[in-house]
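Each chain is listed here by its residues.
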Amino acid sequence: TGLFTSPFVVCFRERIQINGEFIPEKRFCEITEKVKRASEKLFEKGLTPTFFETVLAAALLYYREENCDIVILEAGIGGKDDSTNIIPSPLASVITSVSLDHTDVLGSSISSIAKHKSGIIKENSVCVSFPEENGSYNFVPQQKETVEILYKTCKEQNSRFIMPDIKSITDVKKEEGKTSFIYEGKEMTMSFTGDHQLGNAAAAL
């Protein structure tokens, strides 16, 4: 299972992982050398790949060479114009809580940002949204206008829309650095404590 995320917290190699392990330094050097050579060919044609595109190319090459079965790709900013859209229809697209972020690029309204983020929804796939309700938990649920945009995009792309029910998470207990809860009869633990992480957990599950 490959995992591509950004930014990193401690080590740049956090961005590119397989089975929870950072890409080894030696492999990272080998992969980036190949991407560097490919980038130089683009430069000769007057094309300049961005930093994000270059790192994504390195990640995808690594996952292919290591024969990953499943890859989780975190989009960069937005979705519609994101370079992660190079992939074909995924098994699922997950859109977490849409709020006012990167307004200089994505627009100054929730609906504008939601339209950008809905750009990761592809044909004949599945889209999972952050919960529309918060139950008794202290987080801002997915706003109605966002849900309407995601649902409309799914219909246009012949994709299935899934809205998790936050009430499926019960018996929440918080301790220092972790939260445990019951989901469909199973006890789960995550290493986060914010209530909004319960919404993320419901979407992930």
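Just so you know, these numbers come straight off a predicted model, no measurement behind them. (Residues numbered from 1 in each chain as written. Predicted model: local features only at pLDDT ≥ 70, side-chain atom pairs only at ≥ 80, totals over all residues. Heavy atoms only, no water.)

Engineer: I'd like to hear about the layout of surface pockets, residue by residue, with values.
Structural biologist: Over the atoms rolls a probe the size of a water molecule, and its path tells where empty space is left. What the second largest pocket holds in volume is close to 160 Å³. Taken together, Val94, Val128, Ile162, Pro164, Asp165, Ser168, Tyr183, Ala202, Ala203, Ala204 and Leu205 form the lining of the second largest pocket. Broken down by element, the residue count for the lining of the second largest pocket peaks at three residues, all from helix H6 (residues 196-204). Counted by class, the lining of the second largest pocket contains nine nonpolar, one polar and one charged residues. (1 Å grid on protein atoms, 1.4 Å probe; cavity = no way out; pocket = protein on both sides within 12 Å on 5 of 7 lines; lining within 4 Å. Points joined across faces, edges and corners; volume = space filled by probe spheres on them. Helix = DSSP H or I, 4+ residues; strand = E, 2+ residues; numbered from the N terminus. Nonpolar A, V, L, I, M, F, W, Y, C, P; charged D, E, K, R; others polar.)

Engineer: A description of the side chain of threonine 153 should follow, citing residues and the corresponding values.
Structural biologist: If you trace the backbone, threonine 153 turns up in helix H5 (residues 144-156). Only 2.8 Å separates the side chain of threonine 153 from the backbone oxygen of isoleucine 149, close enough to count as a polar contact. Setting aside chain neighbours within four positions, we find threonine 153 in contact with Ser118 and Ile121. (Polar contact = N/O pair within 3.5 Å; in protein donor to acceptor, adjacent residues only side chain to side chain. Contact = heavy atoms within 4.5 Å.)

Engineer: Talk me through the sheet that holds strand S4 (residues 71-73); I want residue IDs and the actual numbers.
Structural biologist: What the four strands build is an open sheet, ordered S3-S2-S1-S4; its pairing is mixed. Each having just a single partner strand, strand S3 (21-22) and S4 make up the two edges of the open sheet. Set on the sheet, helix H2 (residues 51-65) makes contact with strand S1 (2-4), strand S2 (16-18) and S4; between it and S2 the angle comes to about 15°. (Pairing = 2+ DSSP bridges. Axes fitted to C-alpha atoms, helices over the stretch in contact; angles between N-to-C directions.)

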